[in-house]
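Observations on chain architecture
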Amino acid sequence: MRKKILFILPAVLFALLTAAGNCSAQTADSTVATQFISLNDQGKYTEAAKLMAPSFLAMVSPDNLEKIWHFHVDPHGKFHGVVSVKQMQQGKIFAVFPTCLYDKGDITFAFAFDDNHQIAGFHVDTIAPAGDTTPAPKAIYEPAGHAAKSFDGH
């Protein structure tokens, strides 16, 4: 019996340590997403843009980032913090979905990250007005010159 326990214990520890290693990479992405939201909320669009991948930065300048933020987020009032974060991985792509509390409702963002943990894309995923359980329609930003694509049902 002791031999079985001694064999099983290292296997369980190895599985936990491997999972912890995977979580730390996703946690880094969550931290970047939260930092990006905070910087934009403070009006520090140039610093927020430094968290973006070069390919995404080529499409969205700090000036465009400011316009996006003012259009989609500012109408919802003061930012109070991130209330939850969901994460997923598909192949080499990491996605993070932080939900933030604002005066007039909850906004869930969708972030995609590249291999270097830089933001490869983001959009406002859902907006749930305060006191409403039905989220508003999804808000998607398409840079000039890029055709909008429909992603019903994610």
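As the structure is a prediction and not an experimental result, all values here were calculated from the model. (Residues numbered from 1 in each chain as written. Predicted model: local features only at pLDDT ≥ 70, side-chain atom pairs only at ≥ 80, totals over all residues. Heavy atoms only, no water.)

Before going further, it helps to examine the overall build of the chain. A count of helices and strands for the chain gives four helices and four strands. Secondary structure of the chain in N-to-C order comes out as α-α-α-α-β-β-β-β. Across the chain, the fraction of contacts at a sequence separation of at least 24, relative to all contacts at a separation of at least 6, is 42%. Element-wise, carbon and sulfur atoms account for 62% of the exposed surface of the chain, whose accessible area totals about 9600 Å². (Helix = DSSP H or I, 4+ residues; strand = E, 2+ residues; numbered from the N terminus. Contact = heavy atoms within 4.5 Å. Areas by Shrake-Rupley, 256 points an atom, 1.4 Å probe, with all protein chains shown as cover.)

With that out of the way, let us pick up the confidence of the model for the chain. Taken over all residues, the pLDDT of the chain has a mean of 76, while the share at 70 or more is 67%. Ranking the elements of the chain by mean pLDDT puts helix 1 (residues 2-41) last with 58 and helix 2 (residues 45-49) first with 96. In the model, residues 2-26 has pLDDT below 50 throughout and makes five contacts with residues more than four positions away in sequence or in other chains. For the stretch residues 139-154, pLDDT sits under 50, and the model shows 18 contacts to residues farther than four places along the chain or on other chains. (pLDDT = per-residue confidence, 0-100.)

Of all ten residues in strand 2 (residues 93-102), eight are buried; the element is thus mostly enclosed. Summarising the sheet, strand 1 (residues 79-90) and strand 2 pair through ten bridges and their orientation is antiparallel. The residue bridging Gln89 from the neighbouring strand is Phe94, located in strand 2. The turn joining strand 1 and strand 2, which pair antiparallel and follow one another in sequence, is formed by two residues; a positive phi near 65° is taken by Gly91. Bridging between strand 2 and strand 3 (residues 105-113) involves seven bridges; their strand directions are antiparallel. Within strand 3, the position partnered with Thr99 by the bridge is Thr108. As consecutive antiparallel partners, strand 2 and strand 3 are separated by two residues. (Buried < 20%, exposed > 50% of the residue type's maximum accessible area, 1.4 Å probe, protein only. Pairing = 2+ DSSP bridges.)

Among soluble globular proteins, nonpolar side chains are generally buried collectively. If you look at the biggest cluster of nonpolar residues, it comprises 29 residues, and the most contacted ones within it are Phe36, Tyr102, Phe109, Phe111, Ile119 and Phe122. Secondary structure elements with two or more residues in this core: helix 1, helix 2, helix 4 (62-72), strand 2, strand 3 and strand 4 (119-129). For this core, the leading source of residues is helix 1, giving five residues. Ile119 has contacts with Val32, Phe36, Leu51, Met52, Ala53, Phe56, Phe111, Ala112 and Phe113, leaving out every residue within four places of it along the chain. (Core = buried A, V, L, I, M, F, W, Y, C linked by side-chain atoms within 4.5 Å.)

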